[in-house]
Amino acid sequence: MSDLMPEPAAVPGEQEGTAGPAPDPAAPAPLGVVRTPTGNAEVDARLERLADADHLPADGHIEVYEDVHRGLRDALTALDARPVPAPMPSYNKPMPSYNNRS
């Protein structure tokens, strides 16, 4: 090179004349999104299913997202279908009157 232009600095770990394969920008790569457990086994299983999208190309994500959405919707619907427990007796009700003797 000329005296006016310095040579580019070598990249550590890279030998001159040997370039590794360039990473494919279209290849699937994990997003690294942390999934925090909720404590509900059914919901946690659906959230873990999202990890499957990390290994798929972008056009495969929709199938995973729709499956997770369907499962979460079913879990919420099941919560609505559970029987409501009977209300606790109220101890603040007035006592019936026993003064009405015939």
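Numbers given to residues run from 1 along each chain, matching the order in which its sequence is written. Local features in a predicted model are, by the rule used here, given only for residues with pLDDT of at least 70; side-chain atom pairs are given and counted only at 80 or more, and totals for whole chains, interfaces and linings are based on all residues. Neither water nor hydrogens contribute to the side-chain values; these are computed over all heavy atoms in the structure.

Asks: What exactly am I supposed to notice about the overall build of the protein chain here?
Replies: Scanning the protein chain for helices and strands turns up two helices and zero strands. Residues classed as buried in the protein chain amount to 13% of the 102 residues present. Carbon and sulfur atoms make up 59% of the accessible area of the protein chain, which totals about 9500 Å². Elements are defined by DSSP. Helices are runs of H or I of four residues or more, strands are runs of E of two residues or more, and each kind is numbered from the N terminus. In this scheme, a residue with accessible area under 20% of its type's maximum is buried, one over 50% is exposed, and one in between is partly exposed, where area comes from a 1.4 Å probe on protein chains only. In short, Shrake-Rupley with a 1.4 Å probe defines the accessible areas, and a residue's cover is counted only from the protein chains shown.

Asks: Just to check I follow, could you spell out a nonpolar patch on the surface for this structure?
Replies: Judged by side-chain polarity, L31, V33 and Y65 come together as a nonpolar surface patch covering roughly 320 Å² of accessible area. Mapped onto the secondary structure, V33 falls in the segment before α1 (41–49). Here a patch means residues that are over 30% exposed by relative accessible area and free of salt bridges, tied together within 9 Å if like-charged and within 5 Å if nonpolar (Val, Leu, Ile, Met, Phe, Trp, Tyr). Take a side-chain nitrogen of Lys or Arg and a carboxyl oxygen of Asp or Glu: if they are within 4 Å of each other, that pair is a salt bridge.

Asks: Explanation requested: the environment of N40 in the structure shown.
Replies: By the secondary structure assignment, N40 is in the segment before α1. According to the relative accessible area criterion, N40 is partly exposed, its value standing at 31%. Taking the C-alpha atoms as reference, N40 lies 9.7 Å from A75; in sequence the two are 35 residues apart.

Asks: Even after reading the chapter, I still don't get α1, so can you show me in this structure?
Replies: Residues lying three or four places apart along an α-helix face the same way, a consequence of the helix completing one turn every 3.6 residues. Three or more residues of α1 are buried, namely V43, D44 and L47. One side of α1 holds all its buried residues, which, seen down the axis, span an arc of 100°. The criterion used for residue contact is that any of the two residues' heavy atoms lie within 4.5 Å. Along its buried surface, α1 packs onto α2 (58–81). The opening residue of α1, the one whose side-chain oxygen lies 3.0 Å from the backbone nitrogen of E42, is N40. Read the arc as the range of directions from the helix axis to the C-beta atoms. Think of a polar contact as two N or O atoms within 3.5 Å of one another; within protein, one of them needs to be a possible hydrogen donor and the other a possible acceptor, and neighboring residues in sequence only count if both atoms come from side chains.

Asks: Honestly, the pattern of salt bridges in this entry has me stumped. Any pointers?
Replies: Once their charged atoms are close, side chains differing in charge can pair, the charge on each being opposite to the other. By the definition in use, this model includes four salt bridges. Between D67 and R49 there is a salt bridge, with its nearest N and O atoms 2.7 Å apart. Here the residue D67 occupies a position in helix α2, and R49 occupies one in helix α1, the gap between them amounting to 18 residues. In this structure D67 comes out as buried when scored by relative accessible area, which is 18%. Residues participating in the shared-partner salt-bridge network are R46, R49, D52, D67 and R70.

Asks: Which parts of the structure should I look at to understand α2?
Replies: Here the expected length of a helix is defined as 1.5 Å per residue gap, with one fewer gap than residues. Look at α2: 36 Å from first C-alpha to last across 24 residues, which is about the 34 Å you get at 1.5 Å a residue. Taken together, the buried positions of α2 are occupied by G60, H61, V64, D67, V68, G71 and A75. On its buried side, α2 packs onto α1.

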